[in-house]
Each structure stands twice: as structure tokens, then as C-alpha cells.
Amino acid sequence: KEKEKPAPATAAPPPAPAPAADSGAISLQVNVFSSAEAADPVAGLLKRKNFPVTVVPGTTDHYFHVLVGPYSNMKEADAVKKKLEEEGFKPIVKK
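Here we summarise the structure given alongside this text. Please read these numbers as outputs of a predicted model, since none were measured by experiment.

1. Some remarks on the overall build of the protein
Alright, step 1. Assigned secondary structure in the protein consists of 2 helices and 4 strands.
Alright, step 2. Helices and strands in the protein line up, N terminus first, as β-α-β-β-α-β.
Alright, step 3. Looking at the protein residue by residue over its 95 residues, the buried ones come to 26%.
Alright, step 4. Accessible surface for the protein amounts to roughly 7,300 Å². Of this, 56% is attributable to carbon and sulfur atoms.

Structural data, given as C-alpha cells:
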């Protein structure tokens, strides 16, 4: 007679998501500006169009990068890249 394994009384919580920098996440760089103030109007436009946008100071330069994402895979990033291109942007894939 086979015994079924009883379900645990409490399920373990899901693991916390890894930080974007460590997860191999893919972002789309939409533009680069010399100041955060110059980047804000573009970021605002993208937010109004429901893109997940952030303005990030460069780590190797003194510019402010307008990024959309992050996305967990290239298929997802490519689909959003296409939408951004339809909006007139020329995004660059950043891993």
C-alpha cells in the first residue's frame, strides 16, 4: 500500500527577487542626457505611455541614462524595443 506524502503545513515563502544588477536583467537605453533635469521630460513621456522607466546616473560616464525595463529575457525586451521604435525612439539593449 503506497503512502502519499502529506503536504507541508505552511508553504515556504518564495525567494526574494535578485537585484536588477545581479540578475542578468535586460534594460533598454532610450536616451542619454547631461543632466537629470534634461532627462526628466523624456522619462515623464515614457511613464505616461506606461513604460517602466528610470533615470540612472552613469557608472562610467557623467551622463544620465533613461532606461526602460528591466526585462528577464530577450523576447520580452525585443517586444518592448519594437514598441519604443514605433513611438519614434531608438533604444539600445543593455545587459
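Now, onward.
2. Some points on the sheet that holds strand β3 (residues 64-71)
Alright, step 1. One open sheet holds the 4 strands; their spatial order is β2-β3-β1-β4, and the pairing between them is antiparallel. Looking along the sheet, the strands with just one partner apiece sit at the ends: β2 (53-57) and β4 (92-94). When the angles between neighbouring strand axes are averaged without regard to direction, this sheet yields 40°.
Alright, step 2. Running over the sheet, helix α1 (residues 36-48) touches β1 (26-33), β2 and β3 and is turned about 30° from β3.
Alright, step 3. On the sheet, helix α2 (residues 74-86) packs against β1, β3 and β4 and is oriented at approximately 35° with respect to β1.

Conventions used here
- Residues numbered from 1 in each chain as written.
- Predicted model: local features only at pLDDT ≥ 70, side-chain atom pairs only at ≥ 80, totals over all residues.
- Heavy atoms only, no water.
- Helix = DSSP H or I, 4+ residues; strand = E, 2+ residues; numbered from the N terminus.
- Buried < 20%, exposed > 50% of the residue type's maximum accessible area, 1.4 Å probe, protein only.
- Areas by Shrake-Rupley, 256 points an atom, 1.4 Å probe, with all protein chains shown as cover.
- Pairing = 2+ DSSP bridges.
- Axes fitted to C-alpha atoms, helices over the stretch in contact; angles between N-to-C directions.
- Contact = heavy atoms within 4.5 Å.

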